[in-house]
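Structural description and commentary
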Amino acid sequence: SRMQPVHRPSPFPRGEAMEMAPSFETVIFVDVDGVLNVGVKDGKQGPLMLNETNCRHAEHNAAEVASRSGDPAERVAFEKLLSVMAKKDSPESTDNTFAELACKGQEHIAVPLLRRLAEIIVGARQQGPTQVVLASNWRRPKYAPRVRCLEQELSKLLDERFV
C-alpha cells in the first residue's frame, strides 16, 4: 500500500506565514589548523608549522639539506618545509608562494588567511545575520590564549569587537 502524505493545517492565515518566517542565518564553521595556518606533515609527529622561525631555520640550513649531511630526520623536515615554501599558491600565480602564508612570530595564524576569513564574514553579514563557530581543537581550554589572539586580530580586521 502507498503511504499518504500527512496534511496539517497551517497555524497562519494564507500568506501570513511567509511574512512571519524568520530570515535565514549564515553559520560559518572555522577549523583553524590547516585553514588559518599551514602545517607540513612531519611523519608520525605533529605537523611542522609554517612560521617565520621554522622558515628561517630551514633557509639557514638549506646548504646542509643540499649536501645531505646532518640528522636525516631533520634534513627531511627541512626538505619538506623548503618545498612547501617554494610552492605557488595557485597554478596561475607568478610570484605568490606558500612562504607568504607563514605565521608571524609566535602566532599560529597566517595573516593573509585571516584576512580572507574576515572578508568571508563581512560578505556573509551583508546577506543577513551571521554566526561564526569555532569548530577546532582550539576550543580546548589549553588553546584559550590562541583563541584570544584570534579574536583580537579579527576585531582589528573587522573594525569591531569580535568574540
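See the structure shown above.
Residues numbered from 1 in each chain as written. Predicted model: local features only at pLDDT ≥ 70, side-chain atom pairs only at ≥ 80, totals over all residues. Heavy atoms only, no water.

Overview of the pattern of salt bridges
Side-chain pairs of opposite charge can arise whenever the charged atoms involved come near each other. For clarity, the threshold we go by: By salt bridge we mean one thing: a side-chain nitrogen of Lys or Arg within 4 Å of a carboxyl oxygen of Asp or Glu. Going along the chain from the N terminus, every DSSP run of H or I of four or more residues is numbered as a helix, and every run of E of two or more is numbered as a strand.
Following the criterion strictly, the structure yields 4 salt bridges and no others. Here Glu 160 and Arg 125 are joined by a salt bridge, their closest N and O atoms 2.7 Å apart. A residue pair is termed long-range when its members are at least 10 positions apart, and Glu 160 in the segment after helix H6 (144-158) and Arg 125 in helix H5 (residues 111-127) qualify at 35 residues.

Quick word on H6
Three- or four-residue spacings in an α-helix give side chains the same orientation, since the helix completes a turn every 3.6 residues. Our working definition: Expected helix span is computed as 1.5 Å times (number of residues minus one). Any two residues whose heavy atoms approach within 4.5 Å are treated as being in contact.
End to end, H6 covers 21 Å across 15 residues, agreeing with the expected 21 Å (1.5 Å per residue, within 8%). The secondary structure elements touched by the buried residues of H6 are H5 and strand E4 (130-134). Directly beyond the C-terminal end of H6, a positive phi value near 60 degrees is found at Asp 159.

Concerning the environment of Ala 86
Under the convention used in this document: Each residue is placed in one exposure class: buried if its accessible area under a 1.4 Å probe, protein chains only, is under 20% of its type's maximum, exposed if it is over 50%, and partly exposed if it falls in between.
On the secondary structure map, Ala 86 appears in helix H4 (residues 72-86). For Ala 86, a relative accessible area of 54% gives the class exposed. Residues Ala 86 and Asn 96, spaced 10 residues apart in sequence, show a C-alpha to C-alpha distance of 9.1 Å.

Here we look at the side chain of Ser 155
Residue position: Ser 155 is located in helix H6. We classify Ser 155 as buried; its relative accessible area is 16%. If we skip the residues at most four places from it in the chain, Ser 155 touches Glu 160, Arg 161 and Phe 162.

Some words on the nonpolar core
For the record, the criterion: Nine residue types can take part in a nonpolar core, namely buried Ala, Val, Leu, Ile, Met, Phe, Trp, Tyr and Cys, and a core is a set of them joined through side-chain atoms within 4.5 Å.
Core analysis: the largest hydrophobic core is formed by 17 residues, its most contacted members being Leu 36, Leu 114, Leu 117, Ile 121, Trp 138, Leu 150 and Leu 154. Elements with a contribution of two residues or more to this core: strand E1 (26-30), H5 and H6. Element by element, the count of residues in this core is highest for H5, at 5 residues. Once residues lying within four places of it in the same chain are set aside, the contact partners of Leu 117 are Ile 28, Val 30, Leu 36 and Leu 154. Of all hydrophobic cores here, the second largest spans 12 residues; its members include Val 38, Val 40, Met 85 and Leu 101.

A short note on the state of the cysteines
As a reminder of what qualifies: Cysteine sulfur atoms are paired as a disulfide whenever they come within 2.5 Å of each other.
Per the stated rule, a full pass over the model turns up 0 disulfides. With no disulfide of its own, Cys 55 lies 9.1 Å from the sulfur of Cys 103, the closest cysteine sulfur. Assessed through its relative accessible area of 7%, Cys 55 is described here as buried. Free cysteine: Cys 149, not disulfide-bonded; nearest cysteine sulfur from Cys 103 at 9.9 Å. You can call Cys 149 buried: its relative accessible area is 13%.

Topic: the side chain of Asn 37
To be explicit about the condition: Polar contact criterion, stated in full: a pair of N or O atoms within 3.5 Å, where within protein one must be able to donate a hydrogen and the other to accept it, and residues adjacent in sequence count only if both atoms are side-chain atoms.
Here Asn 37 shows up in the loop between E1 and strand E2 (39-42). Within polar-contact distance, the side chain of Asn 37 engages the side chain of Asp 33 at 3.2 Å. Here the side chain of Asn 37 touches His 108 through a polar contact of 2.9 Å, landing on its backbone oxygen. Aside from chain neighbours lying at most four places away, what touches Asn 37 is Val 32, Met 49, Cys 103, His 108, Ala 110, Leu 113 and Trp 138.

Quick word on the packing of H5 against H6
For clarity, the threshold we go by: Only C-alpha atoms enter the line fits that serve as axes; for helices the fit covers just the stretch in contact. Angles between N-to-C directions range over 0 to 180 degrees. Oblique is the label for any angle not covered by the other classes, which are roughly parallel (under 35 degrees), roughly antiparallel (over 145) and roughly perpendicular (65 to 115). Less than a right angle of anticlockwise turn of the near helix away from the far helix marks a crossing as left-handed, whereas a clockwise turn marks it as right-handed. Residues are grouped as follows: Ala, Val, Leu, Ile, Met, Phe, Trp, Tyr, Cys and Pro are nonpolar; Asp, Glu, Lys and Arg are charged; all remaining types, including Gly, are polar.
Contact geometry for H5 and H6: axes closest at 10 Å, N-to-C directions at 60 degrees. The angle between H5 and H6 falls in the class oblique. Judged by the twist between their axes, the crossing of H5 over H6 is right-handed. On H6, the residues touching Leu 114, Arg 115, Leu 117, Ala 118, Ile 121, Val 122 and Arg 125 of H5 are Leu 150, Glu 153, Leu 154, Leu 157 and Leu 158. By residue class, the composition of the contact of H5 with H6 is 9 nonpolar, no polar and 3 charged.

Structural measurements only, silent on function.
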